[in-house]
Amino acid sequence: MRDQSTQLIHHAYTPPEGFSAPQPGVFKASTVFFPSAAAMRSREWKDKSAYTYGLHGTPTTYTLEERLCALEGGLQCVLAPSGLSAVTLVAMALLAAGDEVLIPDNAYAPNKAFAQGELKAWGISHCFYDPMRASDLADKIGAQTRLVWLEAAGSVTLEFPDLCELVRTCRSAGVPTALDNTWGAGLAFAPFDLAPGLAEPLAVDISVHALTKYPSGGGDVLMGSVITRDPALHLKIKLTHMRLGLGVGANDAEAVLRALPSMALRYQAHDRRARTLAQWCLSQDVFAQVLHPALSASPGHAHWAALCGSDLGGAAGLFSVIFRPDVDPQRVDAFCDALKLFKIGYSWGGPISLVVPYDLASMRGTWPEHLARGTLVRFSAGLEAVSDLQADIAQALRHAMA
Ligand SMILES: *Cc1c(COP(=O)(O)O)cnc(C)c1O
């Protein structure tokens, strides 16, 4: 008879197969067993034909990767521990010393910071382009350009670029494109089929998604994905992903798997609230500009309408306001502090509405001419009743502007 401690570890019981329930099981592993040394040596880690090590995939992460491919219309996926690590993974996989990367001026700020920090130190140069002028991108693509980032809508200022034209520009120059698709989330438009009906689909090469936002939906998970439709490009990213040792926890993967079925409904609900609130903000004199791609006066509205249609579910839950220039930043801070339902905090996609004041001057090379001067505040509409959210903004304005 083996010792009790050995029995507890090497117990003969295995539960019957065939368990079936709404949620897939959660598999947690660093070590994965092989039946023999020969099987260990011959096992393939680069595709989903088998299991080799927790970092290379488990039934839980494979399931999440495949569902995210379905969401975005991709064929291959790798998971990263945050949206930002998914962004930096793409740069590290595709760029080497002497190369150049182009990034839209309104990109997610840490993407720009990575270019100014690590990429620069590694001998990789960068240039910021104006996403609202495809000709500016065309002018800046050079002989060393190896990657162009795209974002629609832009972070914080929510301008909507002519994404199709930007992709065509990169295609004709033979430069791969990576879209930060966190805002669109695979729901507002199809990143791998931007102009449905073409014989040869107009597609980005890589779609990066901060699953932290709508796919998680709870404000409690950090994760990112990198999705492709090209096996060779995927392999390149997968090899760098493996060498960097990136992985995600099974419980976090489970949280995203659990939230995915309700994502389209939540996205629509966030969208409905944001549109209503942005429309109401238009009527408030204290705002010099309201930024939301579905508003006809918002920069790039026509591009948004062409790509995403006008239906609910095509515009996410974000909008920004720019206060009149005579409203000083301390008053804007007082407005944010006076909000009760909107909490002050980064990120978005969860049930709680959020607000962040931004100093745009420090984020952009030059003040874009399509933006009014003044302090900008970005709102993320949560899932609270829109009438309560509107009343909250109204009371905070009364309080701060008195
Ligand atoms: C939030 C966000 C990211 C980064 O996601 P994290 O999981 O917070 O690292 C990247 N891009 C965009 C556009 C985002 O909004």
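Just so you know, these numbers come straight off a predicted model, no measurement behind them.

Caption draft 1: Quick peek at the pairing of strand 2 (residues 100–104). Across the five residues that make up strand 2, a large majority, five, are buried. Burial along strand 2 is two-sided: the residues Glu100, Leu102 and Pro104 and Val101 and Ile103 are all buried. Across five bridges, strand 2 lies against strand 3 (residues 125–129) in parallel orientation. Of the residues in strand 3, the one forming a bridge with valine 101 is histidine 126. Read from strand 2 through helix 5 (residues 109–121) to strand 3, the crossover connection turns out right-handed.

Caption draft 2: How the structure looks around the sheet that holds strand 8 (residues 287–291). Taken in spatial order, the five strands make up an open sheet running 8-9-12-11-10, and their pairing is mixed. The open sheet is flanked by strand 8 and strand 10 (343–344), the only strands paired with a single partner. Where strand 8 and strand 9 (residues 318–323) come together, four bridges link them in antiparallel fashion. Each residue of the ladder has a partner; that of valine 290, found in strand 9, is valine 321. Relative to the sheet, helix 12 (residues 329–338) contacts strand 9, strand 10, strand 11 (354–358) and strand 12 (376–380), its axis offset from that of strand 12 by approximately 15 degrees.

Caption draft 3: Representation of the domain arrangement of the protein chain in the model. Entries for the protein chain in the domain assignment read domain 1 (37–261) and domain 2 (263–401). Relative placement of domain 1 and domain 2: their C-alpha centres are 26 Å apart. Between domain 1 and domain 2, the residue contacts involve 33 residues of the former and 35 residues of the latter. Interface area, domain 1 with domain 2, both sides summed: about 2800 Å², of which 66% is carbon and sulfur.

Caption draft 4: Highlighting the packing of helix 12 against helix 13 (residues 386–401). Packing of helix 12 against helix 13 leaves a shortest axis separation of 8 Å and a crossing angle of 140 degrees. In terms of orientation, helix 12 lies oblique with respect to helix 13. The element helix 12 and its partner helix 13 pack so that their crossing is right-handed. Facing Arg331, Ala334, Phe335 and Ala338 of helix 12, the residues of helix 13 in contact are Ile393, Gln395, Ala396, Leu397, His399, Ala400 and Met401. Here the residues of the contact of helix 12 with helix 13 sort into eight nonpolar, two polar and one charged.

Caption draft 5: Structural view of the pattern of salt bridges. The final tally for this structure, using the stated rule, is twelve salt bridges. Two residues, arginine 364 and glutamate 159, come together in a salt bridge whose shortest N-O distance is 3.2 Å. A residue pair is termed long-range when its members are at least 10 positions apart, and arginine 364 in the loop between strand 11 and strand 12 and glutamate 159 in the loop between strand 4 (145–151) and helix 7 (163–173) qualify at 205 residues. Each of the two residues, arginine 364 as well as glutamate 159, counts as buried. A salt bridge links aspartate 271 to arginine 275; its shortest N-O distance comes to 2.5 Å. Highlighted residues: aspartate 271 and arginine 275, both in helix 10 (residues 263–282), separated by four residues, approximately one helical turn. This pair shows no difference in class: aspartate 271 is buried, exactly as arginine 275 is.

Caption draft 6: Seen up close, the side chain of arginine 378. Secondary-structure assignment places arginine 378 in strand 12. Excluding residues within four positions of it along the chain, arginine 378 makes contact with Val156, Leu318, Phe319, Ser320, Ser347, Trp348, Leu354, Val355, Val356 and Tyr358.

Caption draft 7: Structural context of the site of the ligand. Looking at the ligand, there are 13 residues lining it, with Gly83, Leu84, Asp180, Thr212 and Lys213 nearest. Interatomic distance of 2.8 Å between a backbone N/O atom of leucine 84 and an oxygen atom of the ligand. Between a nitrogen atom of the ligand and a side-chain N or O atom of aspartate 180, the distance comes to 2.6 Å. Its residues placed into classes, the shell around the ligand shows five nonpolar, five polar and three charged.

Caption draft 8: The arrangement of the packing of aromatic side chains in detail. Applying the stated criterion across every chain yields a total of eleven aromatic pairs. Seen from their ring centres, tyrosine 214 and tryptophan 348 are 5.3 Å apart, and the 55 degrees between their planes marks the pair as tilted. With tyrosine 214 in the loop between strand 6 (206–210) and strand 7 (224–228) and tryptophan 348 in the loop between strand 10 and strand 11, this pair connects stretches of sequence that are 134 residues apart. For the pair tyrosine 214 and tryptophan 348, a shared accessibility class is recorded, and that class is buried. Each ring, one from phenylalanine 287 and one from phenylalanine 323, has its centre 5.0 Å from the other, and the planes form 80 degrees; the classification is edge-to-face. Highlighted residues: phenylalanine 287 in strand 8 and phenylalanine 323 in strand 9, separated in sequence by 36 residues. Like phenylalanine 287, the residue phenylalanine 323 is buried in the burial classification.

Caption draft 9: Focus on the packing of helix 3 (residues 59–72) against helix 9 (residues 250–259). In the contact formed by helix 3 and helix 9, the axes pass within 9 Å of each other and the chain directions differ by 35 degrees. Taken as a pair, helix 3 and helix 9 cross one another with a handedness that is left-handed. Between helix 3 and helix 9, the residues in contact are Thr60, Thr63, Leu64 and Arg67 and Ala250, Ala253, Glu254, Val256 and Leu257, respectively. Residues of the contact of helix 3 with helix 9, tallied by class, amount to five nonpolar, two polar and two charged.

About the criteria used
Residues numbered from 1 in each chain as written. Predicted model: local features only at pLDDT ≥ 70, side-chain atom pairs only at ≥ 80, totals over all residues. Heavy atoms only, no water. Buried < 20%, exposed > 50% of the residue type's maximum accessible area, 1.4 Å probe, protein only. Helix = DSSP H or I, 4+ residues; strand = E, 2+ residues; numbered from the N terminus. Pairing = 2+ DSSP bridges. Right-handed = clockwise from strand over helix to strand, strands pointing away. Contact = heavy atoms within 4.5 Å. Axes fitted to C-alpha atoms, helices over the stretch in contact; angles between N-to-C directions. Domains from an automatic or database assignment. Buried area = accessible area lost by both parts, 1.4 Å probe. Parallel < 35°, antiparallel > 145°, perpendicular 65-115°, else oblique. Left-handed = near helix turned anticlockwise from the far one by under 90°. Nonpolar A, V, L, I, M, F, W, Y, C, P; charged D, E, K, R; others polar. Salt bridge = Lys/Arg side-chain N within 4 Å of Asp/Glu carboxyl O. Near = heavy atom within 4 Å. Polar contact = N/O pair within 3.5 Å; in protein donor to acceptor, adjacent residues only side chain to side chain. Phe/Tyr/Trp six-rings, centres within 6.5 Å; stacked < 30°, edge-to-face > 60°.

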